[in-house]
Amino acid sequence: MEEIRIFSPATIANISCGFDVLGLALDGVGDEMVVRKTSEPGVKITKITGQDLPTDAHLNVAGVAAMALLQAHTYQGGFEMEIHKKIKAGSGIGSSAASAAGAVWAVNRLLGIPFTTLELVAFAMEGERLASGVAHADNVAPALFGGFSLVRSYDPLDIVNISAPPALVATVIHPQIEIKTSDSRKILKTKISLEDGIKQWGNVGGLVAGLYTQDYGLIGRSLVDHIVEPIRSILIPGFDEVKSKSLDAGALGCGISGSGPSIFGLSKGMDTAKAVAISMKEVYQKIGIPYDIHISKINSDGIKILN
Ligand code: ADP
């Protein structure tokens, strides 16, 4: 195989209680990439559509992630990449992660799958380091594995993959305001109280148990963030109203997607997810902020080959 065309999904990181350790992959929303082998060594980005992003491979997360992989392999040739962005950069639904994960997944395929998916996560994290200054795995892991990912440990990297309960549907609204990931990290406190810690790890355990047992009520009760959301939500106009209206419309839970400004709701069933979308839209129509909205099942496969 000399060339591959792939779909790399958007992802929701943190999922309320799991800052930097939980993420899930979306279906239908994601970037497309074409990656081909070249005899000339190195990584080249030949085309980017949909977004204005650097084509210099050292400044693009796809290039940086692919180069991290190539450093660990003996392959003497190189790769060319086209990136067709469907996910807006800085949206909070893993735009940089889709490119970084897609690049390493495609390169690994073209090399005959020498690396495990866990190893690919580590290479893709180098792309995340470029995008946000922190090599977090909670977007790239679900993009690569599909379903939900729990980063049990960063050192050594240990990731637990959890299948999504079948009726779970995500609604994501992206208000078109700019929040830099670096800014939304800067405002966070570096210390938490024991009291908040106890509530938070109770919820992480509850969410994971709810996913395994397909207990939607437990999932809903656990989708609470005592640490990050109270601080970050201040940066997102309309957040409190979107959240209360989404819960009124039947969402199991609602929170900030990644570092924002996107807000996600998780619902049991498509009808509820659509009702949540209507409530979310009403808030931004009233405030007068343009938005994109996505309603998506959870993607159990992660990255896929397109014909
Ligand atoms: P998101 O919030 O959607 O996850 P990030 O904030 O993680 O997005 O990443 C966006 C940052 O990464 C921007 O500064 C963007 O210029 C940079 N970047 C570099 N390469 C890419 C790429 N291929 N796709 C998206 N963002 C990229």
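Conventions and cut-offs
- Residues numbered from 1 in each chain as written.
- Predicted model: local features only at pLDDT ≥ 70, side-chain atom pairs only at ≥ 80, totals over all residues.
- Heavy atoms only, no water.
- Axes fitted to C-alpha atoms, helices over the stretch in contact; angles between N-to-C directions.
- Helix = DSSP H or I, 4+ residues; strand = E, 2+ residues; numbered from the N terminus.
- Left-handed = near helix turned anticlockwise from the far one by under 90°.
- Contact = heavy atoms within 4.5 Å.
- Nonpolar A, V, L, I, M, F, W, Y, C, P; charged D, E, K, R; others polar.
- Expected span 1.5 Å × (residues − 1).
- Phe/Tyr/Trp six-rings, centres within 6.5 Å; stacked < 30°, edge-to-face > 60°.
- Buried < 20%, exposed > 50% of the residue type's maximum accessible area, 1.4 Å probe, protein only.
- Salt bridge = Lys/Arg side-chain N within 4 Å of Asp/Glu carboxyl O.

**Thoughts on the packing of helix α2 (residues 95-110) against helix α3 (residues 117-132)**
Okay, so step 1: Where α2 meets α3, the closest approach of the two axes is 9 Å, and the angle between their N-to-C directions is 145°. In this structure, the crossing between α2 and α3 has a hand that is right-handed. Judged by residue contacts, Ser96, Ala97, Ala100, Ala101, Val104, Trp105 and Asn108 of α2 engage Leu120, Phe123, Ala124, Gly127, Glu128 and Ala131 from α3.
Okay, so step 2: For the contact of α2 with α3, the residue count by class is nine nonpolar, three polar and one charged.

**Considering helix α10 (residues 270-287)**
Okay, so step 1: With 18 residues, α10 extends 26 Å from end C-alpha to end C-alpha; this agrees with the ideal 26 Å at 1.5 Å per step.
Okay, so step 2: Next to the buried residues of α10 lie β7 (168-175), α9 (239-248), β8 (253-256), β9 (263-268) and β10 (291-297).
Okay, so step 3: Just past α10, the residue Gly288 takes up positive phi, approximately 85°.

**Focus: the side chain of Thr11**
Okay, so step 1: Tracing the sequence through the fold places Thr11 in strand β1 (residues 3-13).
Okay, so step 2: Discounting residues that sit within four places of it in the chain, Thr11 has contacts with Leu24, Ala25, Gly92, Ile93, Gly94, Asn139, Pro142, Ala143 and Ser257.

**Thoughts on the packing of aromatic side chains**
Okay, so step 1: Applying the stated rule across the entire model yields two aromatic pairs.
Okay, so step 2: Seen from their ring centres, Tyr75 and Phe79 are 5.1 Å apart, and the 40° between their planes marks the pair as tilted.
Okay, so step 3: Here Phe79 falls in the buried class, since its relative accessible area comes to 1%.
Okay, so step 4: Here the aromatic rings of Phe115 and Phe123 are separated by 5.0 Å at their centres, their planes lie at 80°, and the arrangement is edge-to-face.

**Details of the pattern of salt bridges**
Okay, so step 1: If you walk through the whole model with that rule in mind, you get 16 salt bridges.
Okay, so step 2: Lys85 is the partner of Asp31 in a salt bridge, and the nearest nitrogen-oxygen pair spans 2.5 Å. In this pair, Asp31 sits in strand β2 (residues 22-38) while Lys85 sits in the loop between β4 (78-84) and α2, placing the two residues 54 residues apart along the sequence. Residues Asp31 and Lys85 agree in their burial class; the two are buried.
Okay, so step 3: Its salt-bridge partner being Arg36, residue Glu82 comes within 3.0 Å of it at the nearest N-O pair. Of this pair, Glu82 sits in strand β4 while Arg36 sits in strand β2, and the two are 46 residues apart along the sequence.
Okay, so step 4: The exposure class assigned to Glu82 is buried, which follows from its relative accessible area of 15%.
Okay, so step 5: Shared partners join several salt bridges into a network, and the residues in it are Glu3, Arg36, Glu80 and Glu82.

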